[in-house]
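# Topology and contacts: notes
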Amino acid sequence: MSATSESINLFEHEGRELIGFLREMPPDAWGIPSACEGWTVADVIGHLTSVDLSTRLLRGLDGDHSPPEGSPSPEQHDEDEFAQTIYQRAVNANQRLGSGLLDDFIERIDETVTLFRSVQPSQWENLVYWPAGPMSVDTLLTQRIAELTMHGWDIRSRLEDDYHLSDGSVTALLDTVDRAARRAFRPDPSLAQQPIRYRFLIPSPEQRTLDLVLSDDPAEIIEGSTPQPPADRASVTFECDGEACVLIMYGRLPPADAIASGRLAVSDGDAELASTFGDRFVGG
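Criteria and thresholds
Residues numbered from 1 in each chain as written. Predicted model: local features only at pLDDT ≥ 70, side-chain atom pairs only at ≥ 80, totals over all residues. Heavy atoms only, no water. Helix = DSSP H or I, 4+ residues; strand = E, 2+ residues; numbered from the N terminus. Rg over C-alpha atoms; globule rule 2.2 N^0.38 Å. Buried < 20%, exposed > 50% of the residue type's maximum accessible area, 1.4 Å probe, protein only. Contact = heavy atoms within 4.5 Å. Pairing = 2+ DSSP bridges. Salt bridge = Lys/Arg side-chain N within 4 Å of Asp/Glu carboxyl O. Axes fitted to C-alpha atoms, helices over the stretch in contact; angles between N-to-C directions. Parallel < 35°, antiparallel > 145°, perpendicular 65-115°, else oblique. Nonpolar A, V, L, I, M, F, W, Y, C, P; charged D, E, K, R; others polar. 1 Å grid on protein atoms, 1.4 Å probe; cavity = no way out; pocket = protein on both sides within 12 Å on 5 of 7 lines; lining within 4 Å. Points joined across faces, edges and corners; volume = space filled by probe spheres on them.

This next bit is on the overall build of the protein. A tally of regular secondary structure across the protein gives eleven helices and seven strands. For 284 residues, the compact-globule estimate of 2.2 N^0.38 gives 19 Å, and the C-alpha radius of gyration of the protein, at 19 Å, lies within 12% of that figure. With respect to the principal axes defined by its C-alpha atoms, the protein has extents near 50 × 45 × 35 Å. Evaluated residue by residue, the protein yields a buried proportion of 50% over its 284 residues. Contacts in the protein between residues far apart in sequence, at least 24 positions, make up 73% of those at least 6 positions apart.

If you want it as structure tokens, here you go:
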């Protein structure tokens, strides 16, 4: 997804949709478990309000993507520690803000929209600090759409029957699924000589092919059509729509459940590797 006014409009629309839902939500629903394991609905909103986006983005627009004071360098990044830090920060925000949590979330949505609308055409490729490694302003916008909409699903799917992600949010999530893969799967020394390549054939909301490559290095997502070299042949080929793919890769839909419900089909490859795919998911 390119950094355009359309992308900013999508973020704003998805934010307004979630805000409207939260305003109408029963008061006791804030304390129920979300689809993000271990997090209540209030914790999820606490997470969305606790990211220091403005400081990082403004510094990046000025050409500075170095770690802010007190922030770790990407070389020190550890996925497990990062996940625990995110969780604790979310809980702290929830406890600190209390009844003001929704108002703070609304302010953050407004602030984010304003910041991205201020970006000049020459600044979209500027790098912005992020703990796992710097990303362009363009990528950061797509990542914020993905983060907002995935956590929106975490909340709404628990309170609305048959809630689905919008096509625009699925596209953003697919564009940033490499980040989810690095957090969901860990390097495996036993795969040093023979990596596993799981291929996802995705017909909608737009036709795409994503390969998840697991090895002794961090998990990697490779997008393409039909790779020809033997080394690029898939160990297992799945077929699913984009929403099912992102829900699986973000750990919200266990592969076994997806297969049982018909949302994920195994079209080719090693049956044992297909059946144990979910066992490799660590999460983060």
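More follows now that the structure is in view.
Quick look at the pairing of strand 3 (residues 196-202) now. Most of strand 3 is tucked away, with six of its seven residues classed as buried. Bridge count between strand 3 and strand 4 (residues 208-214): seven bridges; the pairing is antiparallel. In the sheet register, Leu-201 faces strand 4, and the bridge partner there is Thr-209. Hairpin geometry of strand 3 and strand 4 is characterised by an intervening segment of five residues between the two adjacent antiparallel strands. Bridging between strand 3 and strand 6 (residues 236-239) involves four bridges; their strand directions are parallel. Paired with Phe-200 across the two strands is Phe-238, which belongs to strand 6.

Time to look at the environment of Glu-111. Among the structural elements, Glu-111 can be located in helix 5 (residues 101-117). Residue classification places Glu-111 among the partly exposed positions, given a relative accessible area of 32%. Counting along the chain gives 44 residues from Glu-111 to Ile-155, while the straight-line C-alpha distance between them is 22 Å.

Tallied over the full model, the rule gives 15 salt bridges. For Asp-110, the salt bridge is made with Arg-16, and the minimal N-O distance between the two is 2.3 Å. Remark: Arg-16 occurs in helix 1 (residues 5-24) and Asp-110 occurs in helix 5; sequence separation between them is 94 residues. We note a salt bridge from Arg-208 to Glu-223, for which the minimum N-O separation is 2.9 Å. With Arg-208 in strand 4 and Glu-223 in strand 5 (residues 220-223), this pair connects stretches of sequence that are 15 residues apart. Within the structure, one salt-bridge network assembled from shared partners comprises Asp-175, Glu-206, Arg-208 and Glu-223.

A few words on the sheet that holds strand 6. Pairing is mixed across the open sheet formed by five strands, whose spatial order is 5-4-3-6-7. On the outer flanks of this sheet lie strand 5 and strand 7 (265-269), each paired with one strand and no other. Neighbour to neighbour, the strand axes of the sheet diverge by 25° on average, direction disregarded. Each of strand 3, strand 4 and strand 5 is contacted by helix 9 (residues 242-249), which is oriented at about 145° to strand 3, the strand it contacts most.

A word on helix 8 (residues 177-184). The α-helix winds at 3.6 residues per turn, so residues separated by three or four positions along the chain end up facing the same way. Buried residues dominate helix 8, accounting for six of its eight residues. Those residues of helix 8 not exposed but buried are Val-177, Arg-179, Ala-180, Ala-181, Arg-183 and Ala-184. The inward-facing, buried residues of helix 8 contact helix 4 (79-97), helix 6 (137-156), helix 7 (167-175), strand 4, strand 5 and helix 9.

Moving on: the packing of helix 2 (residues 41-50) against helix 4. Contact pair helix 2 / helix 4: the axes reach a minimum separation of 7 Å and the direction vectors enclose 100°. By the criterion of interaxial angle, the relationship of helix 2 to helix 4 is roughly perpendicular. Contacts from Ala-42, Asp-43, Gly-46, His-47, Thr-49 and Ser-50 in helix 2 reach Ile-86, Arg-89, Ala-90, Val-91, Ala-93, Asn-94 and Leu-97 in helix 4. Its residues assigned to classes, the contact of helix 2 with helix 4 shows six nonpolar, five polar and two charged.

Right, let's get into the pairing of strand 5. Two elements, strand 4 and strand 5, share four bridges in a ladder whose sense is antiparallel. Within strand 5, the position partnered with Asp-211 by the bridge is Ile-222. The antiparallel hairpin formed by strand 4 and strand 5 contains five residues in its connecting segment.

In this section: empty space enclosed by the protein. Going through the model one piece at a time under the given rule, you end up with two cavities of 30 Å³ or more. Considering only enclosed or pocket space, the largest cavity measures out at about 140 Å³ in volume. Lining the largest cavity we find Phe-11, Leu-48, Val-51, Leu-53, Phe-105, Arg-108, Ile-109, Glu-111, Thr-112, Arg-144 and Leu-148. Within the residue set of the lining of the largest cavity, elements represented by two or more residues are helix 5 and helix 6. Considering only residue class, the lining of the largest cavity consists of seven nonpolar, one polar and three charged. Taken together, Glu-14, Glu-17, Leu-18, Leu-148, Thr-149, Gly-152, Trp-153, Arg-156 and Tyr-163 form the lining of the second largest cavity. Elements that contribute at least two residues to the lining of the second largest cavity include exactly helix 1 and helix 6. By residue number, the principal contributor to the lining of the second largest cavity is helix 6, which donates five residues.

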